[in-house]
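Chain by chain, the residues:
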Amino acid sequence: MYPDTLREHIRKCKVATNKPFAVNVPLLYPDIDKHMDIIVDEKVPIVFTSAGNPSLWTSFLKEKNIKVVHVVPNVSLAKKCEEKGVDAIVCEGFEAGGHNGKDEITTMCLVPQVVDAVHIPVIAAGGIGDGRTMAAAFALGADAVQIGSRFAATVESSAHLNFKQRIVEAKDSDTILAMKKVVPVRLIKNQFFERIKEAENRCATAEELKEILGKRRAKAGIFEGDLEEGELEIGQISGMIDDIPTVSELFDRIVADYNTIIKNLKPL
């Protein structure tokens, strides 16, 4: 989001709910200073930072009484986050869609290791999209879950209908982690990915990959519906998604399925 767009969406969120809400700020993007100023000005209560060093903005935000949560792909960064004073961490396995860690650690393996390594709340992410996977995350020791890809395919999602429908059509092996020389991203395979794959197979430099990537690639795919030349960022959970419900319907379904799973596990 450009800064003005961020402010617009924060204000829409305030109108829609009186509950606490958070803003996610990928630290690798431009205009971070402007984004942070808007977050402070609009009195956002919680900020999730990702794709960068947790020490860069944690102190600034906490001085403004803003809770800070940082996304981590490995144990060492989780420990660093705790040292830098973050309030909680999102422990994200590489099943997750979009920007990812280079270590390729799954949620199943990462969550319990992070839970054992830190003393702050751990939010599990990556491959979570229904009651079964939520229950599994809690069994691994997580205090909460973060669900991303499943909500991309909802009625209220701002994603293009073409992209939503492609998520519904996705099979278990349709996504892949690509562009590890630039910024690792999990996306759906398409013509754009095939060009990236060809370049990576001939050991193209990071500069060459950036040239192929260009600008606005994710926007073209996710928000404008270009299914062949867009960057279709989505997680492996897409293979389990087969409809486009409302957010309310989805929440009710996840909670009901979770309660059923927990009830069925009790005899074990």
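Just above, that's the structure.
As the structure is a prediction and not an experimental result, all values here were calculated from the model. (Residues numbered from 1 in each chain as written. Predicted model: local features only at pLDDT ≥ 70, side-chain atom pairs only at ≥ 80, totals over all residues. Heavy atoms only, no water.)

**Q** Lay out the pattern of salt bridges with the relevant residues and their values.
**A** Evaluation of the coordinates by the stated rule reveals 17 salt bridges. Between Lys14 and Glu42 there is a salt bridge; the shortest N-O distance is 2.9 Å. Note that Lys14 is positioned in helix H1 (residues 3–16) and Glu42 in the loop between helix H2 (32–41) and strand E2 (46–50), a separation of 28 residues in sequence. A relative accessible area of 4% places Glu42 in the buried class. Between Glu229 and Arg217 there is a salt bridge; the shortest N-O distance is 3.3 Å. (Salt bridge = Lys/Arg side-chain N within 4 Å of Asp/Glu carboxyl O. Helix = DSSP H or I, 4+ residues; strand = E, 2+ residues; numbered from the N terminus. Buried < 20%, exposed > 50% of the residue type's maximum accessible area, 1.4 Å probe, protein only.)

**Q** Explain the layout of surface pockets residue by residue, including any values.
**A** Counted as a void, the second largest pocket has a volume near 190 Å³. Ranked by residue count, the leading element in the lining of the second largest pocket is helix H12 (residues 247–265), at five residues. When its residues are assigned to classes, the lining of the second largest pocket shows six nonpolar, two polar and seven charged. (1 Å grid on protein atoms, 1.4 Å probe; cavity = no way out; pocket = protein on both sides within 12 Å on 5 of 7 lines; lining within 4 Å. Points joined across faces, edges and corners; volume = space filled by probe spheres on them. Nonpolar A, V, L, I, M, F, W, Y, C, P; charged D, E, K, R; others polar.)

**Q** Break down the packing of aromatic side chains for me, citing the residues and quoting the values.
**A** For the structure on display, the rule yields three aromatic pairs. Plain terms: the ring middles of Phe138 and Tyr258 are 5.8 Å apart, the flat faces sit at 80 degrees to each other, and that makes the pair edge-to-face. One end of the pair, Phe138, is in helix H6 (residues 131–139); the other, Tyr258, is in helix H12, with 120 residues separating them in the sequence. Judged by relative accessible area, which is 29%, Phe138 ranks as partly exposed. Pairing Phe151 with Phe251 gives two aromatic rings, centres 5.4 Å apart and planes at 45 degrees, and the pair type is tilted. Placement of Phe151 in helix H7 (residues 149–152) and of Phe251 in helix H12 is noted, with a sequence separation of 100 residues between them. Phe251 sits in the partly exposed class, given a relative accessible area of 46%. The aromatic ring of Phe60 is capped on one face by Lys64, whose charged end is 3.9 Å from the ring centroid. (Phe/Tyr/Trp six-rings, centres within 6.5 Å; stacked < 30°, edge-to-face > 60°. Lys NZ or Arg CZ within 6 Å of the ring centre and 35° of its normal.)

**Q** Describe helix H10 (residues 206–213), and please don't skip the residues or the numbers.
**A** Among all positions in H10, only Ala206, Leu209, Ile212 and Leu213 are buried. Axial view of H10: buried residues confined to an arc of 120 degrees, hence all on one face. Opposite the packed face of H10, turned more than 90 degrees from it, sit the exposed residues Glu207 and Glu211. Buried-residue contacts for H10 involve helix H9 (191–201) and helix H11 (217–223). The positive-phi residue at the C-terminal boundary of H10 is Gly214, with phi of around 65 degrees. (Arc of directions from axis to C-beta. Contact = heavy atoms within 4.5 Å.)

**Q** Help me get a handle on the side chain of Thr58, residues and values and all.
**A** Note that Thr58 resides in helix H3 (residues 58–63). The class for Thr58 is buried, based on a relative accessible area of 2%. Not counting chain neighbours up to four residues away, the residues in contact with Thr58 comprise Val68, Lys84, Gly85 and Val86.

**Q** Run through the environment of Ser158, naming residues and quoting values.
**A** The topology assignment puts Ser158 in the loop between H7 and helix H8 (161–169). Separated by 39 residues in the primary sequence, Ser158 and Lys197 place their C-alpha atoms 29 Å from one another.

**Q** Hey, could you go over the packing of H6 against H12 for me, with residue numbers and the actual values?
**A** If you want to describe how two helices pack, look at the angle between their axes and the distance between the axes. Relative to each other, H6 and H12 sit at 55 degrees, their axes nearing to 7 Å. One finds that H6 runs oblique with respect to H12. Read as a crossing pair, H6 and H12 show a hand that is right-handed. Between H6, through Gly131, Arg132, Met134, Ala135 and Phe138, and H12, the contact on the second element is made entirely by Ile254, Asp257, Tyr258, Ile261 and Ile262. Of the residues belonging to the contact of H6 with H12, the class tally is seven nonpolar, one polar and two charged. (Axes fitted to C-alpha atoms, helices over the stretch in contact; angles between N-to-C directions. Parallel < 35°, antiparallel > 145°, perpendicular 65-115°, else oblique. Left-handed = near helix turned anticlockwise from the far one by under 90°.)

Spatial relationships are all this shows, so hold off on functional conclusions.
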